[in-house]
Amino acid sequence: MAYLEIQRRSATDDLSEVKDLLAGVERADGVRPLSDHLWIDLRQGGRPGFAGLLAWIPGHDHLVAYCQVSRGNDSWSLDLIVDPHHRYDMASIGPELLDAAIAVISQEGGGKVYWWVYEPTQLHHQLARGINFELGRTVTQMRVALPLAQDVVSNTTAIETCAFRVGTDEDAWLDVNNRAFSDHPEQGGWTKDILHSRQQEPWFSPNGFLLHHIDNKLAGFCWTKLHLDTQPVLGEIYVVAVDPDHAGKGLGRSLTVAGLQHLALLGTTDGMLYVDTHNTRALGIYNSLGFRAHHQQCAFVGDVH
Ligand SMILES: CC(C)(COP(=O)(O)OP(=O)(O)OC[C@H]1O[C@@H](n2cnc3c(N)ncnc32)[C@H](O)[C@@H]1OP(=O)(O)O)[C@@H](O)C(=O)NCCC(=O)NCCS
């Protein structure tokens, strides 16, 4: 039986135990656990609805598992991370942590919950059934070698872009982003606070946040992110979107290529992005640019009352 500690963090708390666990999992799996949203919530701390659940087992001086719940715009995200040396304990620690996490969400008013899992096993499916969650969204991480092949670039209309101006472009960007992602659980419904939280991240660079205007109005954007802490250094298309009024004219492809060319100029040889498997329009662009699937992450989804 694990001993659980529930923390409602503030930004000044010591995160070393959780960071050590995350680093161990990253070494074992080659992929950083915790989605971007959950990671920022952990690092910046103090947001309403946040809870970190830490599991200890007597006789072990390190954290054996960590579960985090974070409130999104109109749903919750949940992540469960187990020390690679304690994965045989998952069948007992998992239900305990998940039940405690569900109880936290229920106390906070409940709602739709997404539990993200990197390449789920039978045990994950079993744990999900135990809390009445069903397999929902699947996201594919795709990668492409950079710089892009010359024929790909010459088959794409080059467009003019400019860098995001912090303090000026926020409202126009939020308008386009929220309309383009109106039905997206994480990328839709952004507020200035959420945008500011991303602008405070060490990787944020206005020069890598490309905007394209038509008649002086924002028509689309490609926001890139350079992962200096990965091996190889990954250049991510973090968010790309086109104003729905300008959809279907080739801007999505042009903006993605502009973002990848920017990343290639910074020296990265590996382009990367995440895409929902049902986003056929975006997948069409990425496949034709040479992106190929690297791995998948799935979300088990449930309603908590
Ligand atoms: C995805 C998105 C950026 C594409 O931008 P766009 O300017 O509309 O797309 P493009 O005009 O460049 O072309 C898209 C391609 O999809 C094809 N396409 C268009 N509608 C499609 C549909 N409903 N299903 C499948 N393919 C479709 C087009 O024919 C085109 O293919 P082609 O280059 O071989 O001709 C835009 O739809 C968008 O902002 N969506 C919401 C945000 C989003 O999902 N972003 C991506 C997150 S990973």
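Note that the structure is a prediction, hence the values are computed from the model and not measured.

1. Describing the side chain of Glu201
So, step 1. Of note, Glu201 is situated in the loop between helix 7 (192-199) and strand 8 (209-214).
So, step 2. In this structure Glu201 comes out as buried when scored by relative accessible area, which is 4%.
So, step 3. The contact partners of Glu201, leaving out residues within four places of it in the chain, are Ile40, Arg43 and Gln44.

2. Overview of the site of the ligand
So, step 1. Inspection of the region around the ligand gives 20 residues, with Val242, Gly248, Gly250, Gly252 and Asn279 positioned closest.
So, step 2. One of the backbone nitrogen or oxygen atoms of Gly250 is found 2.6 Å away from an oxygen atom of the ligand.
So, step 3. The separation between an oxygen atom of the ligand and a polar main-chain atom of Arg253 is 3.0 Å.
So, step 4. In isolation the ligand has 970 Å² of accessible area, and contact with the protein removes 65% of it.
So, step 5. If you list the elements that add at least two residues to the shell around the ligand, you get strand 10 (234-242), helix 8 (251-265), strand 11 (270-276) and helix 9 (280-289).
So, step 6. With five residues, helix 9 is the largest single contributor of residues to the shell around the ligand.
So, step 7. In the shell around the ligand, the residues fall into twelve nonpolar, five polar and three charged.

3. Side note on the sheet that holds strand 9 (residues 217-227)
So, step 1. The twelve strands are arranged 1-2-3-4-5-12-6-11-10-9-8-7 in an open sheet whose pairing can be described as mixed. With partners counted over all chains shown, the strands left at the sheet margins are strand 1 (3-7) and strand 7 (162-163), one partner each.
So, step 2. The sheet contact formed by strand 10 and strand 11 spans three bridges and is parallel. Following the sheet pairing, Glu236 is matched in strand 11 by Met272.
So, step 3. The sheet contacts of helix 3 (residues 90-107) involve strand 1, strand 2 (51-56), strand 3 (65-71), strand 4 (76-82), strand 5 (111-118) and strand 12 (292-304), and relative to strand 4 the element is tilted by about 155°.
So, step 4. Taken strand by strand, helix 6 (residues 170-180) contacts strand 8, strand 9 and strand 10, and its axis lies near 85° from that of strand 9.

4. Some points on the state of the cysteines
So, step 1. The full count for this structure, using the stated rule, is zero disulfides.
So, step 2. Not part of a disulfide, Cys222 finds its nearest cysteine sulfur in Cys162, a span of 13 Å.

5. Remarks on the packing of helix 6 against helix 7
A packed helix pair is summarised by two numbers, namely the angle formed by the two axes and the spacing between the axes.
So, step 1. At a closest axis distance of 11 Å, the pairing of helix 6 and helix 7 adopts a crossing angle of 110°. When the axes of helix 6 and helix 7 are compared, the pair comes out roughly perpendicular. From helix 6, Glu170, Asp171, Trp173 and Leu174 reach across to helix 7, where they touch Lys192, Leu195, His196 and Gln199.

6. Quick word on unusual backbone geometry
So, step 1. Leu146 connects to Pro147 through a cis peptide bond whose omega is 0°.
So, step 2. For Pro147, the position within the fold is in the loop between strand 6 (134-145) and helix 5 (150-154).
So, step 3. Phi angles above zero are rare outside glycine, and Glu119 is one such case at about 40°.
So, step 4. When you line up the elements, Glu119 lands in the loop between strand 5 and helix 4 (122-130).

7. Looking at the packing of aromatic side chains
So, step 1. Applying the stated criterion across every chain, the model contains 15 aromatic pairs.
So, step 2. Pairing Trp173 with Trp190 gives two aromatic rings, centres 5.6 Å apart and planes at 65°, and the pair type is edge-to-face. Note that Trp173 is positioned in helix 6 and Trp190 in the loop between helix 6 and helix 7, a separation of 17 residues in sequence.
So, step 3. Trp173 sits in the buried class, given a relative accessible area of 0%.
So, step 4. Trp190 gets classed as buried once you look at its relative accessible area, which sits at 6%.
So, step 5. Ring geometry for Trp173 versus Trp223: centroids 5.6 Å apart, planes at 90°, classification edge-to-face. Remark: Trp223 occurs in strand 9 and Trp173 occurs in helix 6; sequence separation between them is 50 residues.
So, step 6. Sitting over the ring of Tyr114, Arg137 keeps its end group 5.8 Å from the ring centre.

8. Some words on the domain arrangement of the protein
So, step 1. Each assigned domain of the protein is listed here: domain 1 (3-132) and domain 2 (142-298).
So, step 2. Inter-centroid distance (C-alpha atoms) of domain 1 to domain 2 is 28 Å.
So, step 3. Across the boundary between the two partners, domain 1 contributes 17 residues, which contact 17 residues of domain 2.
So, step 4. Of the roughly 1,500 Å² buried at the junction of domain 1 and domain 2 (both faces included), carbon and sulfur atoms supply 43%.
So, step 5. Our count for the contact surface shared by domain 1 and domain 2 stands at three salt bridges.
So, step 6. If you look at where domain 1 meets domain 2, you find eight residue pairs in polar contact (both at pLDDT 80 or more).

Cut-offs applied
Residues numbered from 1 in each chain as written. Predicted model: local features only at pLDDT ≥ 70, side-chain atom pairs only at ≥ 80, totals over all residues. Heavy atoms only, no water. Helix = DSSP H or I, 4+ residues; strand = E, 2+ residues; numbered from the N terminus. Buried < 20%, exposed > 50% of the residue type's maximum accessible area, 1.4 Å probe, protein only. Contact = heavy atoms within 4.5 Å. Near = heavy atom within 4 Å. Polar contact = N/O pair within 3.5 Å; in protein donor to acceptor, adjacent residues only side chain to side chain. Areas by Shrake-Rupley, 256 points an atom, 1.4 Å probe, with all protein chains shown as cover. Nonpolar A, V, L, I, M, F, W, Y, C, P; charged D, E, K, R; others polar. Pairing = 2+ DSSP bridges. Axes fitted to C-alpha atoms, helices over the stretch in contact; angles between N-to-C directions. Disulfide = S-S within 2.5 Å. Parallel < 35°, antiparallel > 145°, perpendicular 65-115°, else oblique. Phe/Tyr/Trp six-rings, centres within 6.5 Å; stacked < 30°, edge-to-face > 60°. Lys NZ or Arg CZ within 6 Å of the ring centre and 35° of its normal. Domains from an automatic or database assignment. Buried area = accessible area lost by both parts, 1.4 Å probe. Salt bridge = Lys/Arg side-chain N within 4 Å of Asp/Glu carboxyl O.

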